[in-house]
Amino acid sequence: MTFRLPYALAAIALFAVEIAIALFVHDRIIRPHIGDSLAVALLYLALRAVTPLRITPAAMLALGIAIAIEFGQLFGLIGALGLSGNVAARFLLGAGFDPLDFIAYVAGALVVLTVESMRTDQATR
């Protein structure tokens, strides 16, 4: 089994940020858009923490999961699963479809790839 402690710690920290955004930020930019971008980064960090996936495949899988969840929102997955009243499920799977979320997800993946590229470039100097 693969376990990368730095990625796990970063995922935990980012998860705390996401919870804080969900609980305390009620605006039209940070919560809906920045929060969605960070969700892709959180998925990426979690994947890198516990899988042997390399940077690009992990980023693409995180993006794919986010997109799949968004389509689940479009087709009412939460309701179909009988989880409409479950706060945790609504937090993890989202409550409503928004096509602009796709832009936020792609932006999150691009930021992840950029940061990792900068980080790995620094490591090779």
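Numbering of residues starts from 1 in every chain and runs along the sequence as written. Owing to the predicted nature of the model, reporting of local features is limited to residues with pLDDT of at least 70; listing and counting of side-chain atom pairs is limited to 80 or more, with chain, interface and lining totals taken over all residues. To obtain the side-chain values, all non-hydrogen atoms of the structure were used and water was disregarded.

Observations regarding the packing of helix α2 (residues 30-50) against helix α6 (residues 101-123)
Reasoning step 1: A fitted line through C-alpha atoms represents every axis, and for helices the fit uses only the stretch in contact; the resulting angles, taken between N-to-C directions, go from 0 to 180 degrees. A helix here means a DSSP run of H or I that spans at least four residues, while a strand means a run of E at least two residues long, and both kinds are numbered starting from the N terminus. Contact pair α2 / α6: the axes reach a minimum separation of 8 Å and the direction vectors enclose 50 degrees. Taken together, the axes of α2 and α6 lie oblique to each other. Read as a crossing pair, α2 and α6 show a hand that is right-handed. In this structure, α2 contributes Pro32, His33, Asp36, Ser37, Val40, Ala41, Tyr44 and Arg48 to the contact, and α6 contributes Asp101, Ala104, Tyr105, Ala107, Gly108, Ala109, Val112 and Glu116.
Reasoning step 2: Of the residues belonging to the contact of α2 with α6, the class tally is nine nonpolar, three polar and four charged. Should an angle lie under 35 degrees it is considered roughly parallel, over 145 roughly antiparallel, and from 65 to 115 roughly perpendicular; all remaining angles are considered oblique. What makes a crossing left-handed is the near helix being turned counterclockwise from the far one by less than a right angle; a clockwise turn instead makes it right-handed. The contact criterion used throughout is that any non-hydrogen atoms of two residues lie within 4.5 Å. Under this grouping Gly is polar, as are all residues other than the nonpolar Ala, Val, Leu, Ile, Met, Phe, Trp, Tyr, Cys and Pro and the charged Asp, Glu, Lys and Arg.

Considerations on the packing of helix α1 (residues 5-24) against α2
Reasoning step 1: Two elements in contact, α1 and α2, have axes whose closest approach is 9 Å; the angle formed by their N-to-C orientations is 160 degrees. By the angle between their axes, α1 is roughly antiparallel relative to α2. When you trace α1 past α2, the crossing you get is left-handed. Where α1 abuts α2, its residues Tyr7, Ala8, Ala10, Ala11, Leu14, Phe15, Val17, Glu18, Ile21 and Ala22 lie against Ile30, Arg31, Gly35, Leu38, Ala39, Ala41, Leu42, Tyr44, Leu45, Ala46, Arg48 and Ala49.
Reasoning step 2: Looking at the contact of α1 with α2, its residues break down into 18 nonpolar, one polar and three charged.

A closer look at the layout of surface pockets
Reasoning step 1: Residues are said to line a cavity or pocket when one of their atoms sits within 4 Å of a point; the points come from a 1 Å grid over protein atoms alone, cavities being sets where a 1.4 Å probe fits but cannot get out and pockets being open sets with protein on both sides within 12 Å along at least five of seven lines. Grid points are joined across faces, edges and corners, and a volume is the space filled by probe spheres set on the points. By volume, the largest pocket is sized at about 840 Å³.
Reasoning step 2: Looking at the second largest pocket, it is lined by 17 residues, and the ones nearest its centre are Ala41, Tyr44, Leu45, Val112 and Val115.
Reasoning step 3: Residue assignment for the lining of the second largest pocket shows that the elements contributing at least two residues are α1, α2 and α6.
Reasoning step 4: Residues belonging to the lining of the second largest pocket are distributed by class as follows: 13 nonpolar, two polar and two charged.

The quantities given are spatial measurements derived from coordinates; they are silent on function.
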